[in-house]
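Survey of secondary and tertiary structure
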Amino acid sequence: MRDQKHSYLSRSVDQLKPSGIRRFFDLASQMENVISLGVGEPDFVTPWNVIEASFHSLEQGYTAYTANAGLFELREEISKYLNKSYEVAYNPENQVIVTVGASQAIDIALRAIINPGEEVIVVEPGFVSYAPAVALAGGTPVTIQATAENAFNIQPYQIEAAITPNTKAIILCSPNNPTGAVLSKDELSGIASVIEKHDLLVISDEIYAELTYDEVFTSFASIKGMIDRTILISGFSKAFAMTGWRLGYAAGPKDIIAAMTKIHQYTIMCAPTMAQHGALEALRHGNDSVIQMKTSYRQRRNFVVKALNEMGLSCHSPGGAFYVFPSVENTGLSSEEFAEQLLHEERVAVVPGNVFGKSGEGHIRCSYATSLKQLDEAMKRMARFVERRL
Amino acid sequence: MELLQLIEKNGRLEVEDLAKMLDLSVDATKQMIVKLETEGAILGYATVINWSKVLKYEGVTAMIDVKVTPTRGVGFDKVAERIYRFPEVKAVYLMSGAYDLSVSVEGKTMMEISRFVSEKLSALDTVISTTTHFVLKKYKHDGVIFDDQDDDDKRIMVSP
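Residues numbered from 1 in each chain as written. Chains lettered and ligands numbered in written order. Predicted model: local features only at pLDDT ≥ 70, side-chain atom pairs only at ≥ 80, totals over all residues.

Turning to the UniProt feature "domain: Aminotransferase class I/classII large" (unreviewed entry) in chain A, a few remarks are in order. Within this structure's numbering, the places UniProt gives as "domain: Aminotransferase class I/classII large" (unreviewed entry) are residues 33–381 of chain A. Taken end to end, residues 33–381 of chain A is 40% helix and 14% strand, and its first and last C-alpha atoms sit 12 Å apart. (UniProt positions renumbered as here; feature names shortened; annotations may be inferred. Helix = DSSP H or I, 4+ residues; strand = E, 2+ residues; numbered from the N terminus.)

All names here are of chain A. Within the fold, Phe55 resides in helix 3 (residues 48–59). Residue class for Phe55 comes out partly exposed when judged on the 13 C-beta atoms lying within 10 Å of it. Through-space distance from the C-alpha of Phe55 to that of Leu136 is 36 Å; in sequence the pair is 81 residues apart. (Buried ≥ 20, exposed ≤ 12 C-beta atoms within 10 Å, placed from the backbone.)

Looking now at the packing of helix 5 (residues 101–113) of chain A against helix 9 (residues 254–267) of chain A. All names here are of chain A. Where helix 5 meets helix 9, the closest approach of the two axes is 9 Å, and the angle between their N-to-C directions is 110 degrees. In terms of orientation, helix 5 and helix 9 fall into the roughly perpendicular class. Relative to helix 9, the crossing made by helix 5 is right-handed. Here helix 5 contributes Ile108, Ala109, Arg111, Ala112 and Ile113 to the contact with helix 9, which in turn contributes Ile256, Ala259, Met260, Ile263 and His264. In the contact of helix 5 with helix 9, the residues fall into eight nonpolar, one polar and one charged. (Axes fitted to C-alpha atoms, helices over the stretch in contact; angles between N-to-C directions. Parallel < 35°, antiparallel > 145°, perpendicular 65-115°, else oblique. Left-handed = near helix turned anticlockwise from the far one by under 90°. Contact = placed C-beta atoms within 7 Å. Nonpolar A, V, L, I, M, F, W, Y, C, P; charged D, E, K, R; others polar.)

Moving on to the interface of chain B and chain A. Listed per partner, the contact involves 12 residues of chain B and 25 residues of chain A. Broken down by element, the residue count for the side of chain B that touches chain A peaks at four residues, all from helix 2 (residues 15–22) of chain B. Per-class residue counts for the side of chain B that touches chain A are six nonpolar, one polar and five charged.

Let's shift gears to the environment of Trp245 of chain A. All names here are of chain A. Mapped onto the fold, Trp245 is located in the loop between strand 7 (230–235) and strand 8 (248–251). Separated by 155 residues in sequence, Trp245 and Tyr90 have C-alpha atoms that sit 24 Å apart. The residues contacting Trp245, other than those within four sequence positions of it, are Phe236, Ala275 and Gly278.

This part covers the domain arrangement of chain B. We note that the domain assignment places domain 1 (2–38) and domain 2 (51–137) within chain B. Taken over C-alpha atoms, the centre of domain 1 of chain B sits 35 Å from the centre of domain 2 of chain B. (Domains from an automatic or database assignment.)

It is worth spelling out the confidence of the model for chain B at this point. The predicted model of chain B averages 92 in pLDDT, with 100% of residues at 70 or higher. Across the assembled chains, the prediction reports ipTM 0.81 with pTM 0.92. (pLDDT = per-residue confidence, 0-100.)

Okay, the nonpolar core next. Ranked by internal contacts, the top residues of the largest apolar core, which has 127 residues, are Ala109, Ile233, Ala250 and Val304 of chain A. Take this core: its biggest share by element is eight residues, from helix 5 of chain A. Filtering out sequence-adjacent residues up to four positions away, Val304 of chain A remains in contact with Val324, Cys366, Tyr368, Leu375 and Met379 of chain A. Core analysis: the next-biggest nonpolar cluster, separate from the first, contains 14 residues, Val68, Ile83, Val92 and Val105 of chain B among them. (Core = buried A, V, L, I, M, F, W, Y, C linked by C-beta atoms within 7 Å.)

Quick look at unusual backbone geometry now. In most cases, non-glycine residues show a negative phi, while peptide bonds are predominantly trans. Residue and element names in this part refer to chain A. Look at the link from Glu124 to Pro125: it is a cis peptide, with omega at -5 degrees. Along the chain, the position of Pro125 falls in the loop between strand 3 (119–124) and helix 6 (130–136). Geometrically, the link from Asn177 to Pro178 is a cis peptide bond, its omega value of 20 degrees lying close to zero. Following the sequence through the fold, Pro178 ends up in the loop between strand 5 (167–173) and helix 8 (185–197). Located in the positive-phi region is Glu87, a residue other than glycine, with phi close to 55 degrees. Mapping Glu87 onto the fold places it in the loop between helix 4 (72–86) and strand 2 (96–99). Phi is positive for Ala151, close to 55 degrees, though the residue is something other than glycine. On the secondary structure map, Ala151 appears in the loop between strand 4 (140–145) and helix 7 (156–162).

What follows is about the packing of helix 11 (residues 287–311) of chain A against helix 2 of chain B. Running from N to C, helix 11 of chain A and helix 2 of chain B point in directions that differ by 110 degrees, and their axes come no closer than 6 Å. When the interaxial angle is binned, helix 11 of chain A and helix 2 of chain B end up roughly perpendicular. Across the interface between the two elements, Gln299, Arg300, Asn302, Phe303, Lys306 and Ala307 of chain A of helix 11 of chain A pack against Asp17, Lys20, Met21 and Leu22 of chain B of helix 2 of chain B. Partitioned by chemical class, the residues of the contact of helix 11 of chain A with helix 2 of chain B number four nonpolar, two polar and four charged.

Time to look at the sheet that holds strand 9 (residues 323–324) of chain A. Residue and element names in this part refer to chain A. Taken together, the three strands give an open sheet; going across it, the order is 9-12-11, and neighbouring strands pair in antiparallel fashion. Each of the sheet's edge strands pairs with one partner strand only, and the pair in question is strand 9 and strand 11 (351–352). Where strand 11 and strand 12 (residues 364–367) come together, two bridges link them in antiparallel fashion. Bridged to Val351 within strand 12 is Arg365. (Pairing = 2+ DSSP bridges.)

This brings us to the sheet that holds strand 5 of chain A. All names here are of chain A. Here we have seven strands laid out as an open sheet, ordered 2-8-7-6-5-3-4, and mixed in their pairing. This sheet does not close on itself; its edge strands, each paired only once, are strand 2 and strand 4. Adjacent strand axes in the sheet meet at a mean angle of 20 degrees when their direction is disregarded. In this structure, strand 7 lies alongside strand 8, joined through four bridges in antiparallel fashion. Each bridged residue has a counterpart across the sheet, and for Gly235 the counterpart in strand 8 is Gly248. Taken strand by strand, helix 4 contacts strand 2 and strand 8, and its axis lies near 115 degrees from that of strand 2.

Before going further, it helps to spend a moment on the pairing of strand 2 of chain A. Working note: regular strand, side chains alternate between the two faces of the sheet. Residues and elements named next belong to chain A. Every second residue of strand 2 is oriented toward a common face, with Val96 and Val98 on one face and Ile97 and Thr99 on the other, all of them buried. Relative to strand 8, strand 2 runs antiparallel, the two sharing four bridges. Each bridged residue has a counterpart across the sheet, and for Thr99 the counterpart in strand 8 is Gly248.

Structure below.
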């Protein structure tokens, strides 16, 4: 082995901080009888018709590569779906690419647009991968903070204040992980005028778009003038409970999708074929399952928001995703202290808000994608814990 | 509607929990349940039992296809009533297709069911013919899968 000075590691990787989520995963995994509200994925198994369609494709011998950008039929369905649900028009020939999860779509989108030293604005609290993905693509992440006072919706002036001559793009995520916040059409329009004025691109992570409970979801790409400035990222993981299938997609301007396809072609070839066949069935006949799951998430959101407020943790009712982000400030504990002590004393795993960025401090993320029985028990345990602190 | 769907799946949900999920007050939820009970939308609260798991229990279920002559004026309703009044009859449906009534019967033994078919069902004037199918194994009943399912959470404990 070489010593530290002569590490074999790439400096950009070496400088990345490991995610704070990892530590909690290790802690929680060593304990017994833990109820986890720390899981960032649906508790449902993939709808049976999707599983069955994937079986069938394997039986039929569809085990080879597909086109780099994905099965044409699937791109067609994605384009139809985006058009029908969000009123955005993309040509399946050259404006849609099927990827290995939405995560890969974000990665190749960033690599397709960033020159060394260019800045990408990342909103916190936000998904833990954005800033590292920007850094790995050779860019500089610039974080800005959405705050509890604004129900964790970023304000246009905050974006404007972070813009420099080097700014290339901003990553938006609505409905948001970890806060569940949903940007309304008006709020998106406000952001759009800043984007227009400063000639920026938007990477719009809309992976939770199907999971909105109070208002109709608006895609950033559907805002006037924004379709040419938006790389729309989505996928099958959250809406169709298909996280392990690793299937996502991006839709955007022709030249950007072509550049992303170039990276994809050299590094991945194509997304898994059997997963693409499953996804095809999900888009064609999966809507009923989505509606059922969505109803169940909404009921559980209502349940958890009520229970948290009753125990004395202030929690607004988020419009989407399957997370709530209550404040734990009145317990006098930091988010990490709260999460760690709760895990040790009551065996409930939550994720401390600070792992999602500075402004997440003082909050915890609880996922309600867990059976009602488990949620009920978890709320009872948390109430006991909070009572001892208040 | 949503309330009914929830308690159809789990009749033992607490009113307090139902209220939280539906974003209603406890009183409003209680009132709604009473109203649905009075109107006859909610007829009862049953338990789904996998009897094959119960030691010493022996029972047989049969599905019987019945062809009947409808009666002038009342159609199939009268003969259906003659059949569903028997306590061993668990379900009766009027069917489209090759036969008229589908009758589900439960008994302790095959003998008991064959006696019901020959002595009671076939003996009805309006019954033209019967075809009896015995159930060998229940896989799913009323939306509940009877197999020993492994419902362990297969997700990792904490993820982004």
